[in-house]
Amino acid sequence: MDDVLGSALPAWSTDEAVALATVVATRGSAPRPLGASLVVLPDRSVRGSVSGGCVEGDVYELAQEVLADGTPVLERYGFSDSDAFAVGLTCGGELDVYVQRIDRASFPELGAVLADIADGRPVAVATVIEHPDPQVRGRRLVVRPAGAGPAPSAPSAPSAASAASAASAPVAPLAPLAPVVSERADEAVTADALGLLAAGDNGVLTYGPDGERLDSGMRVFVHAWAPRARMIVFGAIDFAAAACRLGAFLGYEVTVCDARPVFATRTRFPDAHEVVVAWPHRYLAAERDAGRIDERTVLVVLTHDAKFDVPVLELALRLPVAYVGAMGSRRTHEDRADRLARAGVPPDRLARLHSPIGLDLGARTPEETAVSIAAEIIACRWGGSGEPLAGTLGAIHRG
């Protein structure tokens, strides 16, 4: 659970108000990352931090004002001689802090959002932090991936003292009866927030007042909570070790699975979060049945052995995952595809297989091959062409 946000739950449960201050933008050597939060509770105690101590006092005073009148405030703290002495931000950076009042009326979804976070379900909260219409500022949109329904119950509070209040906190319906901003704006924010959620990133999105892209006037801060997407590498070979390093670098929770205990060892794969000794298809089936495979999961099959490859690919190609790739020569691919077809994998599923795996980079070493594989995964994730940017037109960034 997000402990700082969770500390607001007991007050929210009893319909008391708290002030939530969040870092929504940073520039230069800022002391805290995007999403760092501070909560001022009804007893005026504080949980969390937005600057590691630099501007806490000023934010605390601002939070008192927001609690009193309910009007959210977006405050920028930057380095200057006067600012350095006034608020202590001497690191040379800048940060924008958004301070808002939270209670049952203004944030009815809080209990369900915290339940999602506690249970490891991806969820994002998009808050309008700037808009020409003061009535729109502070409005929130709760965003979940397709198929992720509302949380079934509110979580327990993060401390024993607040457990009783949290357990009785009701969960409000999540579907708004009317657009948060407008239908156009809500659609744009939802699409972009899902991109941030897929990456597990927080960020500020800028639109026109009605959600117009490539315009300005409305800024939305997206606070995303998501467990890391998984990368499962089947085959404990040297290419797998390099793939693990790249996968971990890209932010994946990496598992290596191989049926051969002599090869599947922690010593050989220090960058993997987990090393499993099991037949690949049996492990994948168990993970599917346990609900630990989702639409963000990446499956990389490097065993290069039909007795391992075909059973795991037969299952993998039927799962709603982000990517399935398999190593091998073109001859190996043709033989593998024939075996999968004879095993009953339909053509539309077989077409999802990236084999031979990776983009054509001319890679030779395990490390170069891992870069090739990672590049293809990124291209699939965001719809990239894999072509050199110098030879393409249009937007560089997608999603």
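In what follows, the accompanying structure is described.

The rules we used
- Residues numbered from 1 in each chain as written.
- Predicted model: local features only at pLDDT ≥ 70, side-chain atom pairs only at ≥ 80, totals over all residues.
- Heavy atoms only, no water.
- Helix = DSSP H or I, 4+ residues; strand = E, 2+ residues; numbered from the N terminus.
- Buried < 20%, exposed > 50% of the residue type's maximum accessible area, 1.4 Å probe, protein only.
- Contact = heavy atoms within 4.5 Å.
- Areas by Shrake-Rupley, 256 points an atom, 1.4 Å probe, with all protein chains shown as cover.
- Core = buried A, V, L, I, M, F, W, Y, C linked by side-chain atoms within 4.5 Å.
- Pairing = 2+ DSSP bridges.
- Axes fitted to C-alpha atoms, helices over the stretch in contact; angles between N-to-C directions.
- Expected span 1.5 Å × (residues − 1).

## A closer look at the overall build of the protein chain
For the protein chain, the count of helices and strands is 13 helices and 15 strands. Scored against the burial criterion, the 399 residues of the protein chain give a buried share of 46%. A separation of at least 24 residues holds for 61% of the contacts in the protein chain among residues at least 6 apart in sequence. Working note: accessible area of the protein chain is about 18,700 Å², and carbon and sulfur atoms make up 53% of it.

## As for the nonpolar core
Within the largest apolar cluster, 23 residues are counted, with the highest numbers of intra-cluster contacts made by Phe-234, Leu-284, Leu-299, Leu-313, Val-324, Leu-340 and Leu-353. For this core, the secondary structure elements donating two or more residues are β10 (230-234), α9 (280-289), β13 (298-301), α10 (306-316) and β14 (323-326). Broken down by element, the residue count for this core peaks at five residues, all from α10. When neighbours within four sequence positions are excluded, Leu-299 is seen to be in contact with Ile-232, Phe-234, Leu-284, Ala-316, Val-321, Tyr-323, Val-324 and Gly-325.

## Here's the deal with the sheet that holds β10
Taking strand neighbours across the sheet as the criterion, the six strands line up as β12-β11-β10-β13-β14-β15 in an open arrangement whose pairing is parallel. In this open sheet, the two edge strands, each paired with only one partner strand, are β12 (274-277) and β15 (353-354). Direction of pairing for β10 relative to β13: parallel, over a ladder of four bridges. Note on β13: the bridge partner recorded for Val-233 is Val-300. Set on the sheet, α9 makes contact with β10, β11 (253-258), β12 and β13; between it and β10 the angle comes to about 160°. Against the sheet, helix α13 (residues 366-382) engages β10, β13, β14 and β15, with an angle of about 155° to β14.

## Overview of the environment of His-281
In this structure, His-281 sits in helix α9. On a C-alpha basis, the gap between His-281 and Cys-257 in space is 9.8 Å, while along the polypeptide they are 24 residues apart. What His-281 contacts, discounting residues up to four positions off in sequence, is Pro-311, Val-312 and Leu-315.

## A closer look at helix α8 (residues 238-249)
Taking 1.5 Å per residue, 12 residues should reach 16 Å; α8 reaches 17 Å between its end C-alpha atoms and fits that length. Three or more residues of α8 are buried, namely Ala-240, Ala-241, Ala-242, Ala-243, Cys-244 and Gly-247. Where α8 is buried, its residues meet β10, β11 and α13. Looking one or two residues beyond α8, the residue adopting positive phi is Gly-251, at roughly 100°.

## Considerations on unusual backbone geometry
Of all residues except glycine, most have a negative phi; of all peptide bonds, most are trans. The omega torsion of the bond from Ser-355 to Pro-356 falls at -5°, within 30 degrees of zero and hence cis. By secondary structure assignment, the location of Pro-356 is in the loop between β15 and α13. Its identity as a non-glycine residue notwithstanding, Arg-44 has a phi of 75°, on the positive side. Secondary-structure assignment places Arg-44 in the loop between β2 (37-40) and β3 (46-48). Among the residues examined, Arg-44 registers a relative accessible area of 41% and is labelled partly exposed. The residue Leu-214 is not glycine, and still its phi comes out positive at about 60°. As for its placement among the helices and strands, Leu-214 is situated in the loop between β8 (203-207) and β9 (218-225). Assessed through its relative accessible area of 92%, Leu-214 is described here as exposed.

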